Amino acid sequence: MFTGIVEELGEVIRLTDAGGDSAVIAVRGPLVTTDAKHGDSIAVNGVCLTVIDNEDGVFTADVMGETLRRSSLGALQVGSNVNLERAAALGDRLGGHLVQGHVDGVGKLLSREPADQWEVLRFALPAAISRYVVEKGSITVDGVSLTVMAVDDETFSVGLIPTTLKLTVLGSKAVGDPVNLEVDVIAKYVEKMLGARNV
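Residues numbered from 1 in each chain as written. Predicted model: local features only at pLDDT ≥ 70, side-chain atom pairs only at ≥ 80, totals over all residues. Heavy atoms only, no water.

**Student:** Even after reading the chapter, I still don't get the sheet that holds strand E11 (residues 155-160), so can you show me in this structure?
**Tutor:** Within a sheet, adjacent strands bond to each other through the backbone by hydrogen bonds, running parallel or antiparallel. What the six strands build is a closed barrel, ordered E7-E8-E11-E10-E9-E12; its pairing is antiparallel. Geometrically, the sheet is characterised by an average inter-axis angle of 45° between neighbouring strands, direction not taken into account. Here four bridges tie strand E7 (residues 105-114) to strand E12 (residues 178-183), and the two strands are oriented antiparallel to one another. When the sheet's bridge partners are listed, Gly105 is paired in E12 with Leu181. (Pairing = 2+ DSSP bridges. Helix = DSSP H or I, 4+ residues; strand = E, 2+ residues; numbered from the N terminus. Axes fitted to C-alpha atoms, helices over the stretch in contact; angles between N-to-C directions.)

Pasting the structure below:
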């Protein structure tokens, strides 16, 4: 479980084809690797990955074909910057919202509107998850917990403060770039419970 508060910008330093439609990714992240052990979870652009090795500030993780197909991790290249967050510990402050690190869909950056101290980013919203996104609700974009400013059936917008622009990959995303989206899991559970009640 994560909170959507990015701890550092990492860098992909190696991508290795592991055969069978899978890969091994190596990411430099001096902060998140300080206490990382084999089997720990680290979110990479909002995707929960399991650490298989950690040495000299670089961790490696297996990425199976399902993850490559259903997230934007398949588009990463050596040198790509990525948002990194260690799993939350019980008793920590919950600065963002409950984030599982399970991507619900891939969106696309449609526009950037800069203002004096912040920017509004508008993203394409996959039809399969649009019903879970509400104005003033939470959404995770590439692992960043954000508040929805506006939403319709096909798009949503968020506002980014200078800190988010500087310390996450969202500050350098170009129009057309893919992003990992995770909706608020509470909305999905409510829908399922209400559906069961109406059967």
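And the narrative resumes.
**Student:** Whenever I open this one, the nonpolar core confuses me. Can you help?
**Tutor:** Soluble, globular proteins show a tendency: their nonpolar side chains are buried together. Phe123, Ile139, Val141, Leu146, Phe156, Val158 and Leu181 are the most contacted members of the largest nonpolar core, which has 21 residues in total. Taken together, the elements giving at least two residues each to this core come down to strand E8 (119-124), strand E9 (138-141), strand E10 (144-151), E11 and E12. The residues touching Phe156, leaving out its near neighbours within four places in the chain, are Leu121, Arg122, Phe123, Ala124, Leu125, Val133, Ile139, Val141, Val148, Ala150, Val151 and Leu181. (Core = buried A, V, L, I, M, F, W, Y, C linked by side-chain atoms within 4.5 Å. Buried < 20%, exposed > 50% of the residue type's maximum accessible area, 1.4 Å probe, protein only. Contact = heavy atoms within 4.5 Å.)

**Student:** Is there a simple way to think about unusual backbone geometry in this case?
**Tutor:** Most peptide bonds take the trans form, and the phi angle of most residues other than glycine is negative. Here the phi dihedral of Asp21 falls at roughly 65°; this positive angle occurs in a residue that is not glycine. As for its position among the elements, Asp21 is in the loop between strand E1 (8-17) and strand E2 (23-28). Positive phi is not limited to glycine here, since Asp142 has a value of about 50°. Summarising the element assignment, Asp142 is placed in the loop between E9 and E10. By relative accessible area, Asp142 is classed as buried at 0%.

**Student:** Would you explain the sheet that holds E2 in this entry?
**Tutor:** Spatially, E1-E2-E5-E4-E3-E6 is the arrangement adopted by the six strands of the closed barrel, whose pairing is antiparallel. Direction aside, the axes of adjacent strands within the sheet are offset by 45° on average. The sheet contact formed by E1 and strand E6 (residues 81-86) spans four bridges and is antiparallel. Opposite Glu11, over in E6, you have Asn81 as the bridge partner.

**Student:** Sorry if this is basic, but what is going on with the layout of surface pockets here?
**Tutor:** The probe, sized like a water molecule, is rolled over the atoms to show the empty space still left. Its volume calculated, the largest pocket comes out at about 320 Å³. Of all the elements in the fold, those that place two or more residues in the lining of the largest pocket are strand E3 (41-44) and E6. Per-class residue counts for the lining of the largest pocket are seven nonpolar, three polar and eight charged. (1 Å grid on protein atoms, 1.4 Å probe; cavity = no way out; pocket = protein on both sides within 12 Å on 5 of 7 lines; lining within 4 Å. Points joined across faces, edges and corners; volume = space filled by probe spheres on them. Nonpolar A, V, L, I, M, F, W, Y, C, P; charged D, E, K, R; others polar.)

**Student:** Please explain the packing of aromatic side chains as it appears in this structure.
**Tutor:** Each aromatic ring pair is described using two quantities: the centre-to-centre distance and the angle formed by the ring planes. One pass over the full model with this rule turns up one aromatic pair. Ring centres 5.4 Å apart and planes at 25° place the aromatic pair Phe123 and Phe156 in the stacked group. Here Phe156 lies in strand E11 and Phe123 lies in strand E8, a separation of 33 residues in the sequence. Overall, Phe156 belongs to the buried group, its relative accessible area being 0%. (Phe/Tyr/Trp six-rings, centres within 6.5 Å; stacked < 30°, edge-to-face > 60°.)

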